[in-house]
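Next come the chains, spelled out residue by residue.
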Amino acid sequence: MNETGTVLSAVLPVFCLAATGTVLRKVEWLTEEADASLMRVVVNVLTPALILDKVLGNSALHRPENLLLPPLLGFFGVLLGVWVAWQFRRFAAPKSETVQRTFASATGIQNYGYVPLPLILQLFPGDAAGVLFVHNLGVDVAMWTVCLIALGHGGAREWRKLFNPPIVSIVAALALNAVGANEWLPKFIRTTLHMLGECCFPLALVLIGATMADSFRELRKELDLRAGAWSSFLRLGLIPALMLLIAHFVPASRELKQVLVVEAAMPAAVFPIVLARHYGGDPATAIRIVLITSLLGFLTIPFWLGVGMRAVGL
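Criteria and cut-off values
- Residues numbered from 1 in each chain as written.
- Predicted model: local features only at pLDDT ≥ 70, side-chain atom pairs only at ≥ 80, totals over all residues.
- Heavy atoms only, no water.
- Phe/Tyr/Trp six-rings, centres within 6.5 Å; stacked < 30°, edge-to-face > 60°.
- Helix = DSSP H or I, 4+ residues; strand = E, 2+ residues; numbered from the N terminus.
- Buried < 20%, exposed > 50% of the residue type's maximum accessible area, 1.4 Å probe, protein only.
- 1 Å grid on protein atoms, 1.4 Å probe; cavity = no way out; pocket = protein on both sides within 12 Å on 5 of 7 lines; lining within 4 Å.
- Points joined across faces, edges and corners; volume = space filled by probe spheres on them.
- Nonpolar A, V, L, I, M, F, W, Y, C, P; charged D, E, K, R; others polar.
- Axes fitted to C-alpha atoms, helices over the stretch in contact; angles between N-to-C directions.
- Parallel < 35°, antiparallel > 145°, perpendicular 65-115°, else oblique.
- Left-handed = near helix turned anticlockwise from the far one by under 90°.
- Contact = heavy atoms within 4.5 Å.
- Disulfide = S-S within 2.5 Å.
- Core = buried A, V, L, I, M, F, W, Y, C linked by side-chain atoms within 4.5 Å.
- Polar contact = N/O pair within 3.5 Å; in protein donor to acceptor, adjacent residues only side chain to side chain.
- Salt bridge = Lys/Arg side-chain N within 4 Å of Asp/Glu carboxyl O.

Now for the packing of aromatic side chains. Two measures describe an aromatic ring pair: the distance that separates the ring centres and the angle between the ring planes. Under the defined criterion, the tally for this structure stands at 8 aromatic pairs. Between F88 and W230, the aromatic rings sit 5.8 Å apart at their centres with planes inclined by 40 degrees, giving tilted as the arrangement. Of the two residues, F88 is situated in the loop between helix 3 (65-87) and helix 4 (89-92) and W230 in helix 12 (residues 226-249); the sequence distance between them amounts to 142 residues. According to the relative accessible area criterion, W230 is partly exposed, its value standing at 27%. Each residue in the set F88, F91, W230 and F233 is aromatic and connected to the rest through ring pairs, giving one cluster.

So, in structure tokens, the structure goes:
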């Protein structure tokens with residue numbers, strides 16, 4: 001299979017799973033009332049199981065460069081994205097500071113969890129998935145600091161949000177991997193973790209699709225697409241080019257370069273919608289940015305994955 005076919009075969013199932021969630025919401029087989037309980041299962045059970053499954057026994061995470069550099073680049077990637085978006089904020093929203101701040105926060109952080117993970121598992125089977133979780137430690141710190149500062153908030157109280165099940169699971173999994181827990185844990189526990197982890201990203205993507213179906217209604221209320229257009233130019237154009245330039249020159253391991261290529265291709269993250277709602281931003285702007293970059297991402301993700309794989313020699 002050629003490179004384009006390989007990339008498309010990895011990308012299409014991700015979009016099909018999200019589309020399944022949209023259809024399930026439209027026919028009311030997956031109701032809004034079910035979302036909260038299912039998401040709690042994903043975040044508190046399935047995601048920790050997936051992290052443990054991919055980190056335990058991961059030989060790449062025995063190398064110090066895969067423990068230190070990934071979170072630093074994860075943090076810097078969001079910092080770069082927010083900084084670039086901040087420079088363009090007045091073009092996206094000439095009259096509203098609230099929209100400008102939301103634009104910078106939502107555009108600056110890429111989808112770093114349930115969309116890149118299945119792509120990495122399919123394109124780069126092996127140890128890259130474990131490195132992705134370590135990389136995401138830095139992204140999470142940046143989300144609760146850099147993105148909130150862009151919104152005009154931040155402080156010690158927000159730092160407590162970092163003590164959540166996925167983050168705690170990453171730290172615990174790295175500690176267990178360091179002491180060789182994969183060798184002495186009972187096989188039935190490893191099998192259970194694997195089976196639970198396999199459920200994680202399909203269910204998460206279905207829920208993301210259902211949430212996007214809800215957001216379509218809010219998108220139709222206001223037809224001002226200026227912020228979405230500028231966000232797409234940055235999130236799907238300029239920022240990926242800058243991130244791939246860094247991936248090309250940074251002295252990173254092969255696994256980390258694989259992670260950086262996939263992360264560079266990602267559309268805007270979904271969680272800034274929640275941040276905008278709770279920290280004085282403009283949720284409608286965040287929704288437009290997420291929806292428009294996600295829809296256009298269907299076209300741009302295969303392109304940037306192909307460019308990125310060639311740029312870093314994968």
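Structurally, the position occupied by V274 is in helix 14 (residues 272-278). On a C-alpha basis, the gap between V274 and H135 in space is 22 Å, while along the polypeptide they are 139 residues apart.

Summed over all chains, the structure comprises 2 cavities of 30 Å³ or more. Those elements that place two or more of their residues in the lining of the largest cavity are helix 3 and helix 12. Ranked by residues supplied to the lining of the largest cavity, first place goes to helix 3 with 5 residues. Of the residues belonging to the lining of the largest cavity, the class tally is 7 nonpolar, 4 polar and no charged.

We now examine the packing of helix 2 (residues 32-55) against helix 7 (residues 128-150). Helix 7 packs onto helix 2 with a crossing angle of 125 degrees between their chain directions and a minimal axis gap of 8 Å. With respect to helix 7, the element helix 2 is oriented oblique. Every pair of crossing elements has a handedness; the one defined by helix 2 and helix 7 is left-handed. When helix 2 is examined against helix 7, the residues L50, I51, K54 and V55 are found in contact with a partner set consisting of A129, G130 and F133.

Attention now moves to the state of the cysteines. Scanning the model with the defined rule gives 0 disulfides in all. With no disulfide of its own, C200 has C199 as its nearest cysteine by sulfur position, at a separation of 8.7 Å. Note on C200: relative accessible area 0%, which makes it buried.

By size, the foremost hydrophobic cluster in this structure holds 96 residues, and its most contacted members are I109, L119, L275 and L305. Top element by residues in this core is helix 7. It accounts for 15 residues. Those residues in contact with L275, other than ones at most four positions away along the chain, are M143, W144, C147, L148 and L151.

This brings us to the side chain of S232. Positionally, S232 belongs in helix 12. Only 2.8 Å separates the side chain of S232 from the backbone oxygen of G228, close enough to count as a polar contact. Beyond its immediate sequence surroundings of up to four residues, S232 is in contact with G237, I292, T293 and L296.

By volume, the largest pocket amounts to about 1300 Å³. Considering the residues around the largest pocket, the lining is formed by 40 residues, among which M39, V43, Y114, V270 and F271 are closest to the centre. Going through the elements one at a time, helix 2, helix 7, helix 9 (165-178), helix 11 (187-221) and helix 14 are the ones with two or more residues in the lining of the largest pocket. Of all the elements, helix 2 adds the most residues to the lining of the largest pocket, at 8 residues. Looking at the lining of the largest pocket residue by residue, the classes come out as 24 nonpolar, 7 polar and 9 charged. Lining of the second largest pocket is provided by 17 residues; of these, F15, A18, M212, S294 and L295 occupy positions nearest its centre. Split into classes, the residues belonging to the lining of the second largest pocket amount to 13 nonpolar, 4 polar and no charged.

For the rest of this paragraph, the subject is the pattern of salt bridges. Counted by the stated rule, this structure contains 6 salt bridges. The closest approach of N and O atoms between E255 and R63, which form a salt bridge, is 2.8 Å. Highlighted residues: E255 in helix 13 (residues 254-264) and R63 in the loop between helix 2 and helix 3, separated in sequence by 192 residues. According to the relative accessible area criterion, R63 is partly exposed, its value standing at 28%. For R101, the salt bridge is made with E97, and the minimal N-O distance between the two is 3.1 Å. Pair noted here: R101 and E97 are both in helix 5 (residues 97-108), with a separation of 4 residues, about one helical turn. For R101, a relative accessible area of 22% translates into the label partly exposed. Linked through salt bridges whose partners overlap, the residues forming this network are D53, K54 and R190.

Another aspect to go through is unusual backbone geometry. With a phi close to 65 degrees, E28 is a non-glycine residue in the positive phi region. With respect to the helices, strands and loops of the structure, E28 is situated in the loop between helix 1 (3-26) and helix 2.

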